[in-house]
Amino acid sequence: MKKKIAVLTGAGISAESGIKTFRDSGGLWEEHRIEDVASPEGWRRNPQLVLDFYNQRRRQLLQVAPNRAHYALAELESKYSVTIITQNVDDLHERAGSTQVIHLHGELLKARSVLNEHCIVPCHSDIKLGDKAPDGAQLRPHIVWFGEAVPEIENAIPKVREADIFIIIGTSLVVYPAAGLVNYARYEARKWLIDPNDTPMPLVPNLRFIQQKATVGVDMLVKQLLADV
Ligand code: APR
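Asks: Would you explain the environment of Gly42 in this entry?
Replies: When you line up the elements, Gly42 lands in helix H4 (residues 40-45). Note on Gly42: relative accessible area 0%, which makes it buried. Separated by 103 residues in the primary sequence, Gly42 and Trp145 place their C-alpha atoms 9.6 Å from one another. Aside from chain neighbours lying at most four places away, what touches Gly42 is Glu35, Asp36, Pro47 and Val50.

Asks: Looking at this structure, how should I read empty space enclosed by the protein?
Replies: Scanning the model with the defined rule gives one cavity of 30 Å³ or more in all. Here the largest cavity defines a volume of roughly 50 Å³. If you go around the largest cavity, the residues you meet are Lys4, Ile5, Ala6, Ser81, Thr83, Lys159, Glu162 and Ala163. Top contributing element to the lining of the largest cavity by residue count: strand E1 (residues 4-9), with three residues. By residue class, the composition of the lining of the largest cavity is three nonpolar, two polar and three charged.

Asks: Is there a simple way to explain the sheet that holds strand E8 (residues 190-194) in this structure?
Replies: Strand pairs in the sheet, formed through backbone hydrogen bonds, run parallel or antiparallel to each other. Reading across the sheet, the six strands line up as E3-E2-E1-E7-E8-E9 and stay open at both edges, with parallel pairing between neighbours. Single-partner strands in this sheet number two, and they are strand E3 (101-103) and strand E9 (207-210). Direction aside, the axes of adjacent strands within the sheet are offset by 15° on average. Of the pairings in the sheet, the one linking E1 to strand E2 (residues 81-86) comprises six bridges and is parallel in character. Looking across to E2, one finds that Ala6 is bridged to Thr83.

Asks: Can you help me understand the site of the ligand in this one?
Replies: Surrounding the ligand, one finds 23 residues, the nearest of these being Arg23, Thr171, Ser172, Asp195 and Asn197. A distance of 3.3 Å separates a nitrogen atom of the ligand from a polar backbone atom of Gly12. For the ligand, an oxygen atom lies 2.9 Å from a polar atom in the side chain of His105. Protein contacts shield 93% of the accessible area of the ligand, which totals 740 Å² for the unbound molecule.

Asks: Looking at this model, I keep getting lost on unusual backbone geometry. Mind explaining?
Replies: The bulk of non-glycine residues show a negative phi, and the bulk of peptide bonds are trans. Cis geometry marks the peptide bond from Tyr176 to Pro177, where omega comes out at 5°. In this structure, Pro177 sits in the loop between strand E7 (165-169) and E8. Backbone geometry places Leu173, a non-glycine residue, at a positive phi of 50°. Locating Leu173 in the fold gives a position in the loop between E7 and E8. Even without a glycine there, the phi angle at Asn206 is positive, about 60°. Take Asn206: it is sitting in the loop between E8 and E9.

Asks: In this structure, what is going on with the nonpolar core? I would like to understand it.
Replies: Side chains that are nonpolar tend, in soluble globular proteins, to be buried together. Counting residues in hydrophobic clusters, the biggest one holds 25 residues, and the most contacted among them are Tyr54, Leu61 and Trp145. Those elements giving two or more residues to this core turn out to be helix H2 (28-31), helix H5 (47-61), strand E4 (106-113) and strand E6 (139-143). A per-element tally of this core places H5 first, with five residues. Looking at this core, you find at least three residues from each of domain 1 (1-19 + 66-105 + 150-229) and domain 2 (23-63 + 109-143). Dropping the residues within four chain positions of it, Tyr54 is found in contact with Val37, Ala38, Leu108, Pro141, Ile143 and Trp145.

Asks: Help me out: how do you make sense of the domain arrangement of the chain in this one?
Replies: Where interface size is quoted, it is often the accessible area lost as the parts come together. Each domain of the chain was delimited in the assignment, giving domain 1 (1-19 + 66-105 + 150-229) and domain 2 (23-63 + 109-143). In this complex, domain 1 contributes 13 residues to the contact, which on the side of domain 2 involves nine residues. When domain 1 packs against domain 2, close to 740 Å² is buried across both sides, 54% of that on carbon and sulfur atoms. Summed over the shared surface of domain 1 and domain 2, the result is zero salt bridges. Counting across the interface, domain 1 meets domain 2 through two residue pairs in polar contact (both at pLDDT 80 or more). Its residues assigned to classes, the side of domain 1 that touches domain 2 shows six nonpolar, four polar and three charged.

The rules behind each value
- Residues numbered from 1 in each chain as written.
- Predicted model: local features only at pLDDT ≥ 70, side-chain atom pairs only at ≥ 80, totals over all residues.
- Heavy atoms only, no water.
- Helix = DSSP H or I, 4+ residues; strand = E, 2+ residues; numbered from the N terminus.
- Buried < 20%, exposed > 50% of the residue type's maximum accessible area, 1.4 Å probe, protein only.
- Contact = heavy atoms within 4.5 Å.
- 1 Å grid on protein atoms, 1.4 Å probe; cavity = no way out; pocket = protein on both sides within 12 Å on 5 of 7 lines; lining within 4 Å.
- Points joined across faces, edges and corners; volume = space filled by probe spheres on them.
- Nonpolar A, V, L, I, M, F, W, Y, C, P; charged D, E, K, R; others polar.
- Pairing = 2+ DSSP bridges.
- Axes fitted to C-alpha atoms, helices over the stretch in contact; angles between N-to-C directions.
- Near = heavy atom within 4 Å.
- Polar contact = N/O pair within 3.5 Å; in protein donor to acceptor, adjacent residues only side chain to side chain.
- Areas by Shrake-Rupley, 256 points an atom, 1.4 Å probe, with all protein chains shown as cover.
- Core = buried A, V, L, I, M, F, W, Y, C linked by side-chain atoms within 4.5 Å.
- Domains from an automatic or database assignment.
- Buried area = accessible area lost by both parts, 1.4 Å probe.
- Salt bridge = Lys/Arg side-chain N within 4 Å of Asp/Glu carboxyl O.

Following this line, the structure appears as structure tokens:
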């Protein structure tokens, strides 16, 4: 029986692929107001601005590639049962080969009906006003906006609870319920947090801090974990 690993990732794991984080200097929230481009109110006020924001990020995603950290996590699956729980809306974990990925905040390469959150279609190009979902309603990005429910958290919690190893990579842990996942890890689970900056450490037992950027820190930890088995 393979040991279970749960990994919580944030924008930091995709930074070295060239995708901006949100709260680092020069981050996305310095260029846009969250309430204008990532909230239901912003969508109601100016849907074109919201569509432009996600169209621009989707176009960029199609130009970038997974980095060493994404690939290292995929390699863990050879000896562990790995669940990636990501706050990221990119598909870099999947492109790197991870097979169990939970997207807490939605996916940039999907769109859905404004009337039915379960009416979801693939989306690899711009969404325009007037583009319709199969149910005839306007298409919107399949992204969880601030103030909206995070249904995938229900699938993520048991994965953290049952993990023998819990790894946190590249997240400022300021957005809930994602950040609250750290409290579900078992006391005796081995835990690591990988981040190049002095991110505030969550108060959880047995947590080790690897102060490195993801391509270095994740690669180093994965090599160690693969050697352990
Ligand atoms: N490697 C690893 N971590 C990095 C790197 C790197 N190369 N560069 C930056 N980081 C770290 C930063 O130090 C920070 O702790 O990544 C984290 C990025 O934090 P945020 O920008 O807040 O991103 P994230 O935690 O994913 O934001 C959570 O907030 O805006 C919402 O929905 C959005 O999913 C997002 C959520």
